Amino acid sequence: MHFVLIATHDPEVCPTANATTRDLLLKTAPDMPNLAQKTGVDIVAGPFVNREHTIVAVVQSDKVENVDRFLMEARLPHWNRVRVLPSLTMEEGLAEVQAQTPIF
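Here the structure is a predicted model, which means the values were calculated and not measured. (Residues numbered from 1 in each chain as written. Predicted model: local features only at pLDDT ≥ 70, side-chain atom pairs only at ≥ 80, totals over all residues. Heavy atoms only, no water.)

Turning our attention to the sheet that holds strand β3 (residues 54–60). The four strands lie next to each other as β2-β3-β1-β4, forming an open sheet whose pairing is antiparallel. Looking along the sheet, the strands with just one partner apiece sit at the ends: β2 (42–49) and β4 (81–87). On average, adjacent strands in this sheet sit at an angle of 15° to one another, irrespective of strand direction. Relative to β4, strand β1 (residues 2–8) is paired through seven bridges, and the arrangement is antiparallel. Looking at the pairing, Ala7 lines up with Val82 of β4. Helix α3 (residues 64–74) contacts β1, β2, β3 and β4 of the sheet and is inclined by roughly 30° relative to β1. (Pairing = 2+ DSSP bridges. Helix = DSSP H or I, 4+ residues; strand = E, 2+ residues; numbered from the N terminus. Axes fitted to C-alpha atoms, helices over the stretch in contact; angles between N-to-C directions. Contact = heavy atoms within 4.5 Å.)

Further remarks concern the nonpolar core. Among the nonpolar cores identified, the biggest contains 17 residues, and Leu5, Val67, Phe70 and Leu76 are the most heavily contacted of them. Of all the elements in the fold, those that place two or more residues in this core are β1, α2 (32–38), β3 and α3. When residues of this core are assigned to their parent elements, the largest contribution, four residues, is made by α3. In contact with Val67, other than residues within four places in its own chain, are Phe3, Leu5, Val41, Val59, Ser61 and Val84. (Core = buried A, V, L, I, M, F, W, Y, C linked by side-chain atoms within 4.5 Å. Buried < 20%, exposed > 50% of the residue type's maximum accessible area, 1.4 Å probe, protein only.)

See below:
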């Protein structure tokens, strides 16, 4: 299953402004691919960062528990609010729409 990860943080803890967060990010970011593999997560896209203090990534895993473990080992929740959105590919979403009966 695919999961869209949306992590947001306040400017005060942004790695561009906060030395502690910066050190943590510089320490953990290079190891993210290994952490993902170790926890049973495949990184499909991202992480992408922007000036809105938001990080977006798409990952794939058999279990949401693996995604949670990946986030904790990557330490993203230490300085972000992280939303984990179970998601379908477009093809899967279209098949689901076609299988449902419209209500209007």
